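# Fold and geometry: a report
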Amino acid sequence: MLTTNDLEFVILAAGKSTRNYPHSKGIPHKSLIPLGSRKVIDHIISEIISAGAKHITIVCSDEKAKEAFELCFTKEKKIEDKFKKNGNIIGLELLQSVYVPDDVEIKYVIQKEPKGLGHAIGLANKVAGNRHLVVRIPDDIVIPNHYAPSTELRKPVVRRCIEKYIADGIGGNMFITRHVDNPSRWGIIDDGIFKEKPETSKSNEAFHTLAIFDTKVAKRLEEVATAIDTEGTKEYDLWTNEGKEIHFDKYLNEEVQKDPTKMAIRTFPIANTDTYLDCGTLQGYETALLYTLLKESVFKEQNKETAQKLLIDCIIEDEEQKELKK
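Residues numbered from 1 in each chain as written. Predicted model: local features only at pLDDT ≥ 70, side-chain atom pairs only at ≥ 80, totals over all residues. Heavy atoms only, no water.

## Some points on the overall build of the protein chain
Helix and strand counts for the protein chain stand at 12 helices and 13 strands. For 326 residues, the compact-globule estimate of 2.2 N^0.38 gives 20 Å, and the protein chain sits close to it at 21 Å. For the protein chain, the spread of C-alpha atoms along the three principal axes comes to 65 × 55 × 45 Å. Every one of the 326 residues in the protein chain was classed for burial, and the buried ones make up 45%. (Helix = DSSP H or I, 4+ residues; strand = E, 2+ residues; numbered from the N terminus. Rg over C-alpha atoms; globule rule 2.2 N^0.38 Å. Buried < 20%, exposed > 50% of the residue type's maximum accessible area, 1.4 Å probe, protein only.)

## Let's talk about unusual backbone geometry
Between tyrosine 21 and proline 22 the backbone carries a cis peptide bond, its omega angle lying at 5°. You can see proline 22 is positioned in the loop between strand 1 (7-13) and strand 2 (34-35). One non-glycine residue, asparagine 130, lies in positive phi territory at about 60°. In this structure, asparagine 130 sits in the loop between helix 5 (117-125) and strand 6 (132-136). The backbone of aspartate 191 shows a phi angle near 55°, a positive value even though the residue is not glycine. The residue aspartate 191 is located in the loop between strand 9 (187-190) and strand 10 (193-196) in this model. Aspartate 191 gets classed as exposed once you look at its relative accessible area, which sits at 63%.

## Observations regarding the side chain of arginine 160
On the secondary structure map, arginine 160 appears in helix 6 (residues 157-168). Judged by its relative accessible area of 3%, arginine 160 is buried. There is a polar contact of 3.4 Å between the side chain of arginine 160 and the backbone oxygen of leucine 153. Once you skip the residues sitting within four places of it in the chain, arginine 160 turns out to touch Glu152, Leu153, Lys155, Phe268, Ala271 and Asp274. (Polar contact = N/O pair within 3.5 Å; in protein donor to acceptor, adjacent residues only side chain to side chain. Contact = heavy atoms within 4.5 Å.)

## A few points about the pairing of strand 6
Within strand 6, five of the five residues are buried, which leaves the element mostly enclosed by the surrounding structure. Side chains His132, Val134 and Arg136 project from strand 6 onto one buried face, and the interleaved Leu133 and Val135 project onto a second face that is buried too. As paired elements, strand 1 and strand 6 share five bridges and run parallel to each other. Residue isoleucine 11 lies in a different strand from strand 6, and its bridge partner there is arginine 136. Judged from the four bridges that link them, strand 6 and strand 11 (residues 205-213) form a sheet pairing that is antiparallel. (Pairing = 2+ DSSP bridges.)

## Looking at the state of the cysteines
The tally for this structure, following the rule as stated, stands at zero disulfides. For cysteine 161, which is in no disulfide, the shortest distance to another cysteine sulfur is to cysteine 279 and amounts to 19 Å. (Disulfide = S-S within 2.5 Å.)

## A short note on the pairing of strand 4 (residues 55-60)
Of all six residues that make up strand 4, six are buried, and the element is covered over most of its length. Bridge analysis of strand 1 against strand 4 gives five bridges, and the strand direction is parallel. Paired with leucine 12 across the bridge in strand 4 is valine 59. When strand 4 meets strand 5 (residues 105-110), the two strands line up parallel, connected through six bridges. Counted as the bridge partner of valine 59 is valine 109 from strand 5.

## Some remarks on helix 2 (residues 63-73)
Within the span of helix 2, buried status applies to Ala65, Phe69, Cys72 and Phe73. Seen end-on, helix 2 carries its buried residues on one side only, within an arc spanning 90°. Exposed and facing more than 90 degrees away from the buried side of helix 2 are Lys64 and Leu71. Tucked inside the fold, the buried residues of helix 2 contact strand 1, strand 3 (38-39), helix 1 (40-50), strand 4 and strand 5. Two or three places before lysine 64, at the opening of helix 2, aspartate 62 has a side-chain oxygen 3.2 Å from that residue's backbone nitrogen. (Arc of directions from axis to C-beta.)

## Concerning a negative patch on the surface
Judged by side-chain charge, Asp62, Glu63, Glu67 and Glu70 come together as a negatively charged surface patch. Examined against the element boundaries, glutamate 70 turns out to sit in helix 2. (Patch = residues over 30% accessible without salt bridge, like charges linked within 9 Å, V, L, I, M, F, W, Y side chains within 5 Å. Areas by Shrake-Rupley, 256 points an atom, 1.4 Å probe, with all protein chains shown as cover. Salt bridge = Lys/Arg side-chain N within 4 Å of Asp/Glu carboxyl O. Lys, Arg positive; Asp, Glu negative; His and termini not counted. Charge placed at Lys NZ, Arg CZ, Asp CG, Glu CD.)

## Comments concerning helix 5
Most of helix 5 sits inside the fold, with eight of its nine residues counted as buried. On the buried face of helix 5, the contacting elements are strand 1, strand 4, strand 5, strand 6, strand 11 and helix 7 (215-228).

## Structural notes on the packing of helix 5 against helix 7
Between helix 5 and helix 7, the shortest axis-to-axis distance is 7 Å and the interhelical angle comes to 110°. Taken together, the axes of helix 5 and helix 7 lie roughly perpendicular to each other. Side by side, helix 5 and helix 7 meet where Gly118, His119, Ile121, Gly122, Leu123 and Asn125 of the first sit next to Ala218, Lys219, Leu221, Glu222, Ala225 and Ile228 of the second. Within the contact of helix 5 with helix 7, the residues separate by chemical class into six nonpolar, four polar and two charged. (Axes fitted to C-alpha atoms, helices over the stretch in contact; angles between N-to-C directions. Parallel < 35°, antiparallel > 145°, perpendicular 65-115°, else oblique. Nonpolar A, V, L, I, M, F, W, Y, C, P; charged D, E, K, R; others polar.)

Now the structure itself:
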């Protein structure tokens, strides 16, 4: 019987994050930028811990990035004491909210070169201990509606997906998806296989947020990661001579075709009541930041008052500009 102890939660955080420049410039990864009262990484860690995560691996780009992530979760007793002494209860509660429980293990894997998602996932599997891999993409934040019509829909979508995967009890692969109008821009799940930006597709279910890979797929990607790092292999040549990153779709689909009954990708759609925030682009991040400041921040009521005043001022200013142009 599957349990959360059979799952390794992997956060892919080794990219350069240039799509978020200038917000992410000067920091190791975009998941370290603020989002409401916390950072993006804090939202993700909190979300997967609520889903039962006990084993977490963060794939990062170098030792400096690793140190930056480690500092995010380090308990700081002196700062806590300072906040207590100053009566800064809000600061104290926020600081403690980003700590990781003692029974949760966080490991780090370094992907020195951007050899692709398939390579990154394979590296993570080397320390996963033969667990199913729950791969979290840090671009997306999905916030449940706290007033949704059912208790189930008030849970984070990641938790709902993990609970369904465990309840199924069959392993295999499961991807969180959302409906998109233009499948050619996304990775699509169509008839149980993964298609990267297909020109035509019967499906509009795009992969977002999280993917669960069966141990067989995880082991295959580990073998591919070893190959791409080994001189003389075709994967090594693809990266070294042609600069091609190794994606996971080819190897995932091959495993699906071997056993389509068990290994076909099952989809878990984001609910209509969920709010999807794309933190992977400059505009998307600013929208997500605005949303969380007004809806999720501990200072949301004060932020709303400020936003209302600024909005009124902007409307007046726009009207004045229109008059001047006449």
